[in-house]
Every structure is written in C-alpha cells, then in structure tokens.
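# Structure at a glance
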Amino acid sequence: LVLAASGATAQTPYRITSIGDLPGGYVESQAYAISSSGQVVGYSIVDGLAAHAFLWGPSNGLLDLTALSGGSSGFALDINSAGQVVGNIGLAGAQ
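Residues numbered from 1 in each chain as written. Predicted model: local features only at pLDDT ≥ 70, side-chain atom pairs only at ≥ 80, totals over all residues. Heavy atoms only, no water.

With respect to the element layout, Pro 23 can be found in the loop between strand S2 (14-17) and strand S3 (29-34). For the pair Pro 23 and Leu 63, spaced 40 residues apart in sequence, the C-alpha to C-alpha distance is 9.9 Å. (Helix = DSSP H or I, 4+ residues; strand = E, 2+ residues; numbered from the N terminus.)

Shown next, in the form of structure tokens:
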C-alpha cells in the first residue's frame, strides 16, 4: 500500500495504491522509499520468515529483488530518480 501526495495545494489530495504482495508473502511488508517516477522499494516477509527486497513500478508491477539476485534475504532501502536501488542482499552460505 502506497500513499502519495500529488500537487501543491492548501489541501493536498492523496492517492492510495495497493501494490500487492510478493509470492509467499506473510504478514509484513514495508515501503522505504518512493522515486519521483512513482517506483517504490522496501521489503516483504516471505516463506520461512525471510525478508525479501522488492521494487514496484506502475509499468512492471512487483519484483522480488532478492530472488532475482539469487539471495536468501534482503532489504531495498532507497531509490533515486534514475531507478537505481540501494539496499542489501544476503547470500545463502556467504560469510
């Protein structure tokens, strides 16, 4: 769920958009940042109670960045106007 302001008026209208859940989603998701183009990053708890980083965009929907990278857990913490994401991914067996 994303809450975004649009326009600069005395009463700012807000639009709420449901971005859905990652497959295997559990009980917790959190958005950390939204870009100027409306892309959202954050994490969702999935199977086995692992946090998975996600990227959501109006044109591509919800992507599991942790699964795409081959990781076992992760968090997406911020996104810039170019769509570059910063965060962390844990790799299974890595030390």
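The next thing to look at is the packing of aromatic side chains. Going through the model one piece at a time under the given rule, you end up with two aromatic pairs. Taken together, a centroid distance of 5.9 Å and an interplanar angle of 35° make the contact between Tyr 32 and Tyr 43 tilted. Here Tyr 32, found in strand S3, pairs with Tyr 43, found in strand S4 (residues 40-46); they are 11 residues apart in sequence, far enough to count as distant. The exposure class assigned to Tyr 32 is partly exposed, which follows from its relative accessible area of 38%. (Phe/Tyr/Trp six-rings, centres within 6.5 Å; stacked < 30°, edge-to-face > 60°. Buried < 20%, exposed > 50% of the residue type's maximum accessible area, 1.4 Å probe, protein only.)

This next bit is on the sheet that holds strand S5 (residues 50-57). Read across the open sheet, the four strands follow the order S3-S4-S5-S6; overall the sheet is antiparallel. With one partner strand each, in any of the chains shown, S3 and strand S6 (61-64) form the two edges of the open sheet. Across the sheet, the mean angle from the axis of one strand to that of its neighbour is 30°, orientation sign disregarded. Taken together, the seven bridges between S4 and S5 define a ladder with antiparallel strand orientation. Across the sheet, residue Ser 44 finds its bridge partner in S5, namely His 52. (Pairing = 2+ DSSP bridges. Axes fitted to C-alpha atoms, helices over the stretch in contact; angles between N-to-C directions.)

With that out of the way, let us pick up the side chain of Gln 39. Its place among the elements puts Gln 39 in the loop between S3 and S4. Setting aside residues no more than four positions away along its own chain, Gln 39 makes contact with Ala 33, Ile 34, Leu 55, Trp 56, Gly 57, Ile 79 and Gly 83. (Contact = heavy atoms within 4.5 Å.)

Next up on the list: the pairing of strand S8 (residues 85-90). Relative to S8, strand S7 (residues 73-79) is paired through six bridges, and the arrangement is antiparallel. In the sheet register, Ile 79 faces S8, and the bridge partner there is Val 85.

Residue placement: Gly 25 occurs in the loop between S2 and S3. Taking the relative accessible area as the measure of exposure, Gly 25 reaches 34% and is therefore partly exposed. On a C-alpha basis, the gap between Gly 25 and Ser 44 in space is 6.6 Å, while along the polypeptide they are 19 residues apart. Discounting residues that sit within four places of it in the chain, Gly 25 has contacts with Ile 45 and Val 46.

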